[in-house]
Amino acid sequence: MTKNWTPLAITWLVLAIVGLVGTWTFNTLAVIQLRDFIGDWVNSGPAVSSLTVDLLVVAVAGCILIVVESRRLGMKRAWLYIVLSGITAFAFTFPLFLAMRERTLEAARNA
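Given the structure is predicted, the values throughout are model-derived calculations rather than measurements.

Parameters at a glance
Residues numbered from 1 in each chain as written. Predicted model: local features only at pLDDT ≥ 70, side-chain atom pairs only at ≥ 80, totals over all residues. Heavy atoms only, no water. Helix = DSSP H or I, 4+ residues; strand = E, 2+ residues; numbered from the N terminus. Expected span 1.5 Å × (residues − 1). Buried < 20%, exposed > 50% of the residue type's maximum accessible area, 1.4 Å probe, protein only. Contact = heavy atoms within 4.5 Å. Patch = residues over 30% accessible without salt bridge, like charges linked within 9 Å, V, L, I, M, F, W, Y side chains within 5 Å. Areas by Shrake-Rupley, 256 points an atom, 1.4 Å probe, with all protein chains shown as cover. Salt bridge = Lys/Arg side-chain N within 4 Å of Asp/Glu carboxyl O.

Undergrad: Explain helix α1 (residues 7–32) here, please?
TA: Residues lying three or four places apart along an α-helix face the same way, a consequence of the helix completing one turn every 3.6 residues. In this model, α1 (26 residues) spans 37 Å end to end at C-alpha, consistent with the 38 Å of a helix rising 1.5 Å per residue. Listing the buried residues of α1 in full gives L15, G19, G22, T23, N27 and A30. Close packing links the buried residues of α1 with α2 (37–42) and α3 (46–73). Trailing α1 by a residue or two, L34 shows a phi angle of about 55°, which is positive.

Undergrad: Help me understand a nonpolar patch on the surface, please; the structure alone is not making it clear to me.
TA: The grouping of W5, I10, L13, V14, I17, V18, L20, V21 and W24 at the surface amounts to a nonpolar patch, some 850 Å² of accessible area in total. Counting through the fold element by element, I17 comes out in helix α1. The partly exposed category is assigned to I17, whose relative accessible area is 48%.

Undergrad: Explain unusual backbone geometry to me, please; I cannot follow it from the model alone.
TA: Its identity as a non-glycine residue notwithstanding, L34 has a phi of 55°, on the positive side. Assignment of secondary structure puts L34 in the loop between α1 and α2. With a relative accessible area of 76%, L34 lands in the exposed category. A positive phi is found at R77, a non-glycine position, where the angle reads about 55°. Relative to the helices and strands, R77 is located in the loop between α3 and α4 (79–87).

Structure representation (structure tokens):
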């Protein structure tokens, strides 16, 4: 059962479970309360909490990926992407990291 389960794989699995339980707790609450799920995104309610959990879990997983991939590829100062996400937005820094990661991979292929 534990074959091929690395600590990183277990971390991804835990985040997936947290994401599922966290979002569906609020989704279920929205259904029970007969809420307008899409309308709640604009106002407030369980839909906003579900979306918050969703984005938070994705951001945590993305930060872990930034650290792991940058170490694996030898990218320097990857921690700056995480710090900058608090100043700008993760929607900016994560794609920026992916772009720099792709440049690093391309440079390695051409070397």
